[in-house]
Amino acid sequence: MFDISTLIVGTVPLIAVVFGLVEFVKSLGLKGKALTIVSLLLGLLFGLAFSFATKGVPVLFAGWFEAVVFGLAIGLVASGFYDFANARWPKIDKPPF
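The notes below deal with the structure included here. (Residues numbered from 1 in each chain as written. Predicted model: local features only at pLDDT ≥ 70, side-chain atom pairs only at ≥ 80, totals over all residues. Heavy atoms only, no water.)

Structurally, Ser 39 can be placed in helix H2 (residues 33-55). When neighbours within four sequence positions are excluded, Ser 39 is seen to be in contact with Val 18, Val 22, Gly 75, Ala 78 and Ser 79. (Helix = DSSP H or I, 4+ residues; strand = E, 2+ residues; numbered from the N terminus. Contact = heavy atoms within 4.5 Å.)

Printed below as a string of structure tokens:
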């Protein structure tokens, strides 16, 4: 049976790790579409690793499909969050006071 608490407990820190790694890569000077691609790839990599760690390496196509979709979702959350935040809260160069 599917246990949502396991997914939530494991996924929230996983997203935080991907956000942190993307921020690290960003601090190295990467930006724009390249940063979005790196974010997606980091999410895919860590999402697959999480899926393998919790369920084992899949044998059937359905297991691989589920693992890849989960990894893509993690990557899209990370890359989408940055696009969402940048569009709504532009960076301010200096404080208003």
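Take the environment of Ile 74 next. Following the sequence through the fold, Ile 74 ends up in helix H3 (residues 61-88). Among the residues examined, Ile 74 registers a relative accessible area of 3% and is labelled buried. As a C-alpha pair, Ile 74 and Leu 45 span 29 residues in sequence and 9.3 Å in three-dimensional space. Excluding its chain neighbours within four sequence positions, the residues that come into contact with Ile 74 are Thr 11, Leu 14, Ile 15, Val 18, Gly 43 and Gly 47. (Buried < 20%, exposed > 50% of the residue type's maximum accessible area, 1.4 Å probe, protein only.)

Tallied over the full model, the rule gives two salt bridges. Among the salt bridges present, the one from Glu 23 reaches Lys 26, with a minimum N-O distance of 3.9 Å. Here Glu 23 and its partner Lys 26 are both found in helix H1 (residues 4-27), three residues apart, which amounts to about one turn of the helix. Glu 23 sits in the partly exposed class, given a relative accessible area of 38%. (Salt bridge = Lys/Arg side-chain N within 4 Å of Asp/Glu carboxyl O.)

Geometric values such as these leave the question of function open.
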